[in-house]
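These are the residues of each chain, in order.
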Amino acid sequence: METSGWIQFAIYLIALALVTKPMGLYLMRVLDPNGKTWLDPVLAPVERFTYAILRLQYFLPLNPQKLAGVSPDLSFNTAASFTTNTNWQNYGGESTMSYFSQMVGLAFHNFVSAATGIAIAAALVRAIARHSATTLGNFWVDLVRITYYLLLPICLVFAVFLVSQGMIQNFKPYTKATLVEPMKIQVEKKNDQGETIKGSDGKAITEQQTVTDQNIVQGPMASQVAIKMLGTNGGGYVNANAAHPFENPTPLSNFFQMLSIFSIGSGLTYYLGRMVKNQKHGWTVWAAMLILFVGGVLLCWWAEANGNPIHQSLGVAGGNMEGKEVRFGIFNSALFATVTTDASCGAVNSMHDSFTALGGFVPLFNIQLGEVIFGGVGAGLYGMLVFVVLAVFIAGLMVGRTPEYLGKKIEAYDVKMAMLSLLILAISILGFSAWAVVAKWGLAGLNNNGPHGLSEILYAFSSGAGNNGSAFAGLSGNTPPYNTTLGFDMLFGRFLMIVPIMALAGSLVQKKVAPPSVGTFPVSGGTFLILLLGTVLLIGALNFLPALTLGPIVEHFLMQGGKLF
C-alpha cells in the first residue's frame, strides 16, 4: 500500500466531495416538477426492438466487418441486460456487435435505463418531501428532462474529453495488422451463418487456426463510453472493457471514468437534502455511503497488495498483479473494482476473477448490499432510502415510539414494502445460484472447482440481479441455460424491485407531517449515521453470509493455509 496510492485516493475523495453540491443543485433544476420547457411535450412512444436488431444485425447498416446476427438466447440475454441497466455481456463487443447494434440497439438503452433509475429516485424523494398529496410527478416528463438536460449534455462534454485522451471515435472498418510471428490458436467452429457448431454434449466444437494478422478495433467508442460511465451502465465497447488501451487510454481518463461513475449518485444525496429541506440529512446519507466506500477500497487494496501466500512461497514476491493492467497497478485496479460495484456500473479495468479471495469478496459483497454506496444513477439513492426506512423503524422499536421519518409515521405497510424489495434481491440471487450449482448446465460453465467455482456462479447471479454487469469471467455464460436464467435474473432484479419501491413512495406521499417533538429521532448526525451503517451491514450480512462463507471466505482461509481448494 504505497504512498502514491494514498495520494491518489485522497485526490479522488476530494474531487467526489467537490462535485456533489454542484451536481445536486443541477439535479434540482432538471427534476423540478413545476418547470416547463419546450422539450417537455416532445416525447412520443418509442419502441426499440433491440432483440430484432441483434438478430438481424448482418442485414443492417454500419456493419463493415459483416458480423453475423446474434443467436436467439444471447440476443434475449443482451436485450434484457441493457434494458435493465445491467450490461452483462456474454460476448466480446468487437467480435459480436456492429456499429449499428452498439449505437442504436445498446446505447439507446444506456440513456433510457439510466434516466429511468433517476426518475424512480426522484419520485421517492418527492414522496418524502410532499405530504397529504396524491401525485409523484410525471414519469415521461422526468425521462425527457433527464435525458435532454442531464445525460446528453454531460455525455457530449465527457466524450470530447475522452477523445482528447486518445479514445477512438470513427466509423472506419477495423485495421488489419500483420503479426511479426504467426501463432496457432483453438477457436470455435462456425457454420455458414456464423453460428457456433456444438457437439452432442452441448459444448462448442473447436478447430485449430493459424493466425497471421490481427484486426484492431475501430468505431464510435468515445460516445458509447461516456454514457457507459455516467449512466453507470458499464458494458464495454470491447471485451477487455476499461482495461483496453483504446477504451481507457491514460491515467487521467482512468481517474475521470471512476469519478464519473459516482458523480450523479453522489449529487442525488444533495438533491435529497434540498428537497426535504433538511440538508444535514442529505449529508448524513452521503457520509454513510462514503464510509462504506472507503472501507471497501481499503480492504480490497490491502488484500491485493499483500498478494497470494502460495505465490510468495514459490518465490514470487509482491502483490497480486494477475489480471491487472501494469499501467494502472494494484491501487487503481482495487479502487476501480470497488467504485464499479458500489455503483451498478460493472465497467472494469482489471479482471475480478483474478483477485485474491478477500479482494474478490469486496466487489461481490458490494453488489449484494444492493449497490447502495452511491450506487447506480437513481438506484443507489432509492436503495439506500429503503435502508433509511428500516433504520428509522428499528430506532422506533428501541425507544418504544411510533417510528417517524422526517415527520411521517412509518407504519407496517411501509416496512413490508421496504423488506419486500430486499427479499426480491436475495431470492433472485440465491435462488438462481442454488439452481445452477446443482444443475449440469450450471457446473459445465465453471472454470474453477471448489469455493472459487461457487463464487463464480454467485457473482454472476448477484451481478445480474444487482444490475451490475461485471463478472468473475472464468464462468462461461454464453450458453442457452445461462443466457436465459441470467436474463430473467436481471429483469427480476430491476423491475420487480421497482414495484415495492413505488408502493412505498405512494404510501409516503399521502401521509401528513407531524411537527418534531422532544422525542423525535433525528435523521442526521452521528447517532443516525451509526444506526444506518449497522442496518446496511447487518441486513446484508444476514442475507448472504452463509453463501459468502462457502465461497470467498473459505477460499481465503484455504489460500492462507497454502491450499488451492
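Residues numbered from 1 in each chain as written. Predicted model: local features only at pLDDT ≥ 70, side-chain atom pairs only at ≥ 80, totals over all residues. Heavy atoms only, no water.

K.L.:
Help me out: how do you make sense of the overall build of the chain in this one?
P.N.:
Summing up its helical and strand segments, the chain has 18 helices and 4 strands in all. Each principal axis of the C-alpha distribution contributes one length, and for the chain these read about 80 × 60 × 45 Å. The proportion of buried residues among the 565 residues of the chain is 55%. Residue pairs at least 24 apart in sequence account for 79% of intrachain contacts in the chain once pairs closer than 6 positions are excluded. Carbon and sulfur atoms make up 65% of the accessible area of the chain, which amounts to about 23300 Å² in all. For the chain, the distance from the average position of its 31 positive side-chain charges to the average position of its 27 negative side-chain charges is 11 Å. (Helix = DSSP H or I, 4+ residues; strand = E, 2+ residues; numbered from the N terminus. Buried < 20%, exposed > 50% of the residue type's maximum accessible area, 1.4 Å probe, protein only. Contact = heavy atoms within 4.5 Å. Areas by Shrake-Rupley, 256 points an atom, 1.4 Å probe, with all protein chains shown as cover. Lys, Arg positive; Asp, Glu negative; His and termini not counted. Charge placed at Lys NZ, Arg CZ, Asp CG, Glu CD.)

K.L.:
Help me understand the environment of V160, please; the structure alone is not making it clear to me.
P.N.:
Looking at the secondary structure, you find V160 in helix α6 (residues 139–164). The exposure class of V160 is exposed, given its relative accessible area of 54%.

K.L.:
Whenever I open this one, the confidence of the model for the chain confuses me. Can you help?
P.N.:
Low pLDDT means the predicted coordinates in that region are not meant to be read closely. With 97% of its residues at a pLDDT of 70 or more, the chain has an overall mean of 89. Overall, residues 35–47 carries pLDDT values under 50, and its contacts beyond four positions in sequence, including any with other chains, amount to 15 contacts. (pLDDT = per-residue confidence, 0-100.)

K.L.:
What am I meant to see in the pattern of salt bridges here?
P.N.:
Here the idea is simple: oppositely charged side chains can pair when their charged atoms come close. Using the criterion set out here, one finds 7 salt bridges in the structure. E188 serves as the salt-bridge partner of K190, at 3.9 Å between the closest nitrogen and oxygen. Take E188: its relative accessible area is 41%, and that puts it in the partly exposed class. For K324, the salt bridge is made with E304, and the minimal N-O distance between the two is 2.7 Å. On the criterion of sequence distance, the pair formed by K324 in the loop between α10 (309–313) and α11 (329–342) and E304 in helix α9 (residues 279–306) is long-range, its members being 20 residues apart. A single burial state applies to K324 and to E304, both of which are buried. Bridged by salt links that share partners, the residues E411, D414 and K511 form one connected network. (Salt bridge = Lys/Arg side-chain N within 4 Å of Asp/Glu carboxyl O.)

K.L.:
Please clarify how unusual backbone geometry should be interpreted in this entry.
P.N.:
The bulk of non-glycine residues show a negative phi, and the bulk of peptide bonds are trans. Even without being a glycine, N87 presents a positive backbone phi close to 60 degrees. If you trace the backbone, N87 turns up in the loop between α3 (72–83) and α4 (93–96). At K277, a position not held by glycine, the phi torsion is positive, near 60 degrees.

K.L.:
Is there a simple way to think about the packing of helix α1 (residues 3–30) against α11 in this case?
P.N.:
Packed helix pairs are specified by the crossing angle of their axes together with the interaxial distance, meaning the distance between the axes. As a packed pair, α1 and α11 sit with axes 10 Å apart at the nearest point and diverge in direction by 35 degrees. Both α1 and α11 take part in a crossing whose hand is right-handed. Between α1 and α11, the residues in contact are G5, Q8, F9 and Y12 and F331, N332, L335 and V339, respectively. Here the contact of α1 with α11 is built from residues that sort into 5 nonpolar, 3 polar and no charged. (Axes fitted to C-alpha atoms, helices over the stretch in contact; angles between N-to-C directions. Left-handed = near helix turned anticlockwise from the far one by under 90°. Nonpolar A, V, L, I, M, F, W, Y, C, P; charged D, E, K, R; others polar.)

K.L.:
Would you take a moment to explain the side chain of N63 for this structure?
P.N.:
In this structure, N63 sits in the loop between α2 (50–55) and α3. Its relative accessible area of 6% is what places N63 among the buried residues. When sequence neighbours within four positions are dropped, the list of residues in contact with N63 reads Q57, Y58 and S98.

K.L.:
What am I meant to see in the packing of α3 against helix α5 (residues 99–129) here?
P.N.:
One way to put it is that α3 packs onto α5 with a least axis distance of 8 Å and a crossing angle of 35 degrees. Where α3 approaches α5, its residues T78, F82 and T83 are matched on the opposing element by L106, H109, N110 and S113. Residues belonging to the contact of α3 with α5 are distributed by class as follows: 2 nonpolar, 5 polar and no charged.

K.L.:
In this structure, what is going on with the packing of aromatic side chains? I would like to understand it.
P.N.:
The geometry of an aromatic ring pair is captured by two quantities: the separation of the ring centres and the angle between the planes. For the structure on display, the rule yields 29 aromatic pairs. Summarising the aromatic geometry, the rings of F255 and F256 are spaced 5.4 Å apart at their centres and angled 85 degrees between planes, so their arrangement reads as edge-to-face. (Phe/Tyr/Trp six-rings, centres within 6.5 Å; stacked < 30°, edge-to-face > 60°.)

K.L.:
What's the story with the environment of A465 in this structure? I'm lost.
P.N.:
Turning to its location among the elements, A465 is positioned in helix α16 (residues 450–465). You can call A465 buried: its relative accessible area is 1%. Along the chain, A465 and P309 lie 156 residues apart, while their C-alpha atoms are 33 Å from each other.

K.L.:
What am I meant to see in helix α13 (residues 379–399) here?
P.N.:
Since the α-helix turns once every 3.6 residues, residues separated by three or four places project in the same direction. Between its first and last C-alpha, α13 extends 31 Å over 21 residues, near the 30 Å set by a 1.5 Å rise per residue. Of the residues one or two after α13, G400 is the one with positive phi, at around 75 degrees. (Expected span 1.5 Å × (residues − 1).)

K.L.:
When you look at the side chain of N332 in this model, what are you seeing that I'm missing?
P.N.:
Within the secondary structure, N332 sits in helix α11. Assessed through its relative accessible area of 11%, N332 is described here as buried. Of note is the side chain of N332, whose polar atom sits 2.9 Å from the side chain of Q8. Not counting the four nearest positions on each side in its chain, N332 is found in contact with Q8, N254, M258 and N349. (Polar contact = N/O pair within 3.5 Å; in protein donor to acceptor, adjacent residues only side chain to side chain.)

K.L.:
Even after reading the chapter, I still don't get a nonpolar patch on the surface, so can you show me in this structure?
P.N.:
On the surface, M419, L420, L423 and I427 cluster together to form a nonpolar patch covering roughly 340 Å² of accessible area. Secondary-structure assignment places I427 in helix α14 (residues 412–438). The class for I427 is exposed, based on a relative accessible area of 60%. (Patch = residues over 30% accessible without salt bridge, like charges linked within 9 Å, V, L, I, M, F, W, Y side chains within 5 Å.)

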